[in-house]
Amino acid sequence: MSELWLELARTVVADVQMVLAELPTRADREPVVGAGLGGDDTTAIDAAAEAAVVRRLEALHAEGHEFTLVSEELGERSFGGGATRLVLDPIDGSLNAKRGIPFFSLSLAVAEGPVMGDVVFGFVHDFGSGEEWTATRGGGAQLNGAALDGQGPDEEIELLVCEATRAQLVADVAGELVGVARRLRLMGSLALSLCHLAAGRVDAVCSLKPARSVDIAAGQLLVRERGAAAELIDGGRLADAPLDLQGRSRIVAAASPAALGRVAAALGA
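Sequence positions are assigned chain by chain, starting from 1 and proceeding in written order. Residue-level local features of this predicted model are given only where pLDDT is at least 70; pairs of side-chain atoms are given and counted only at 80 or more, and the full residue set underlies all totals for whole chains, interfaces and linings. Hydrogens are left out, water is left out, and the side-chain values use all remaining heavy atoms of the structure.

Moving on, we get to the overall build of the protein chain. The way it works is that DSSP assigns letters per residue, a run of H or I at least four long becomes a helix, a run of E at least two long becomes a strand, and they are numbered from the N terminus. When helices and strands are tallied, the protein chain shows 8 helices and 14 strands. We compute the radius of gyration over the C-alpha atoms and compare it with the globule rule, which gives 2.2 Å times the number of residues raised to the power 0.38. The globule rule puts the C-alpha radius of gyration for 269 residues at 18 Å, and the 17 Å found for the protein chain is close to it. When the backbone C-alpha atoms are referred to their principal axes, the protein chain occupies close to 55 × 40 × 35 Å. What makes two residues a contact is simply this: any of their non-hydrogen atoms within 4.5 Å. Of the contacts formed within the protein chain by residues at least 6 apart in sequence, a portion of 62% connects residues at least 24 apart. Only the protein chains shown count as covering a residue, and every accessible area follows the Shrake-Rupley method with a 1.4 Å probe. Roughly 11,100 Å² of accessible area belongs to the protein chain as shown, and the carbon and sulfur atoms make up 50% of that amount. For the charge count, each Lys or Arg is scored as positive and each Asp or Glu as negative, with His and the chain ends excluded. One atom stands in for each charge, and that atom is NZ of Lys, CZ of Arg, CG of Asp or CD of Glu. Computed over 23 positive and 38 negative side-chain charges, the separation of the two mean positions in the protein chain equals 4 Å.

The nonpolar side chains of soluble globular proteins are, as a tendency, buried together. We call a set of buried Ala, Val, Leu, Ile, Met, Phe, Trp, Tyr and Cys residues a nonpolar core when their side-chain atoms join them within 4.5 Å. Whether a residue is buried, partly exposed or exposed follows from its accessible area with a 1.4 Å probe, protein chains only, as a fraction of its type maximum: under 20%, in between, or over 50%, in that order. Within the largest apolar cluster, 42 residues are counted, with the highest numbers of intra-cluster contacts made by Met116, Val119, Trp133, Leu148, Ile216 and Leu222. In this structure, leucine 148 is in contact with Trp133, Ala141, Gln142, Leu143, Ala198, Ala199, Leu222 and Arg226, ignoring residues within four places of it in sequence. If you look at the next biggest cluster of nonpolar residues, it comprises 31 residues, including Leu8, Leu20, Leu23 and Leu106.

With that settled, the discussion passes to the packing of helix H1 (residues 2-22) against helix H3 (residues 44-62). As a packed pair, H1 and H3 sit with axes 9 Å apart at the nearest point and diverge in direction by 140°. Handedness of the H1/H3 crossing: right-handed. Together, Leu4, Trp5, Leu8, Thr11, Val12, Asp15, Val16, Val19 and Leu20 of H1 and Ile45, Ala48, Ala49, Ala52, Val53, Arg56, Leu57 and Leu60 of H3 make up the contact between the two elements. All amino acids are sorted into three groups, where Ala, Val, Leu, Ile, Met, Phe, Trp, Tyr, Cys and Pro are nonpolar, Asp, Glu, Lys and Arg are charged, and the leftover types, Gly among them, are polar. Considering only residue class, the contact of H1 with H3 consists of 14 nonpolar, 1 polar and 2 charged. Where helices are involved, their axes are fitted lines through C-alpha atoms of the stretch in contact, as for all axes, and angles between N-to-C directions lie from 0 to 180°. Rotating anticlockwise by less than a right angle from the far helix to the near helix defines a left-handed crossing, while the corresponding clockwise rotation defines a right-handed one.

Two rings belonging to Phe, Tyr or Trp (six-membered ring only in the last case) form a pair when the distance between their centres is within 6.5 Å. Interplanar angles under 30 degrees mark stacking, angles over 60 mark edge-to-face geometry, and anything in between is tilted. Under the criterion given, the structure shown has 3 aromatic pairs. Between tryptophan 5 and phenylalanine 67, the aromatic rings sit 6.3 Å apart at their centres with planes inclined by 90°, giving edge-to-face as the arrangement. Of the two residues, tryptophan 5 is situated in helix H1 and phenylalanine 67 in strand E3 (residues 67-71); the sequence distance between them amounts to 62 residues. The class of phenylalanine 67 is buried, set by a relative accessible area of 0%.

The next subject is helix H5 (residues 167-177). Those residues of H5 not exposed but buried are Val170, Val173 and Leu177. Each buried residue of H5 lies within a common arc of 95° when the element is viewed along its axis, so the set occupies one face. In H5, the exposed positions that point more than 90 degrees away from the buried face belong to Ala167, Gln168, Ala171 and Gly175. Where the residues of H5 are buried, they touch strand E10 (159-163), strand E11 (183-186) and helix H8 (257-266). Positioned one or two residues after H5, glycine 179 has a phi angle of 95°, which is positive. Here the arc refers to the directions that run from the helix axis out to each C-beta atom.

Next up, the structure:
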């Protein structure tokens with residue numbers, strides 16, 4: 001079944017790439033056109049990307065496939081119901097996308113039930129580099145179709161990526177991170193940052209404000225399939241987190257539970 005979802009994911013990436021070409025400038029992408037059910041402003045690029053993906057899902061449903069979509073802007077929509085849930089962020093890193101910074105992604109997770117532990121397939125496409133990150137539960141993680149089997153993140157944290165990085169949030173925790181990590185990176189796409197952790201490019205990732213399932217469902221599977229640790233730090237287990245837009249928590253991921261714990265403690269968890 002993962003072949004179906006991989007084919008779908010690649011198809012919707014092509015759809016969103018067409019949207020990006022049709023809205024090439026900041027003036028095209030940035031206007032606010034509404035408010036998403038995830039709680040943030042919906043910009044022109046967010047709305048157009050999601051609409052393109054939804055059209056593709058409508059065609060898939062017409063072929064007889066049933067699922068429920070959980071998406072950044074429209075919230076939850078049933079395509080015939082059933083246990084399968086598609087958890088989608090068409091543009092993760094919207095601010096980067098609006099401003100023309102080539103570090104944003106499409107994130108898609110497929111789950112066999114309503115919670116994070118039910119995720120069986122994860123897909124993240126980097127629109128800047130063109131890299132394709134995938135994972136299947138029990139089947140490992142891949143980059144551009146090749147297994148991620150090299151050196152993973154280091155136990156001693158050299159590079160820590162912080163996401164949801166409003167200046168005040170960074171200021172509030174930066175001092176506490178001294179001695180925990182040698183260097184910080186502020187990238188702008190939580191899904192991609194989790195992928196970079198899975199590849200061992202960075203050693204830890206943390207979200208400084210509560211994240212939603214659409215931000216983390218695909219990336220956390222890559223992290224766990226690489227044998228690294230990922231956990232929520234605002235109560236509740238990651239595996240039990242609902243795949244909806246209501247549940248929110250900060251997330252930390254690192255090489256091991258011990259490394260994760262050091263970051264979480266610095267964040268006051």
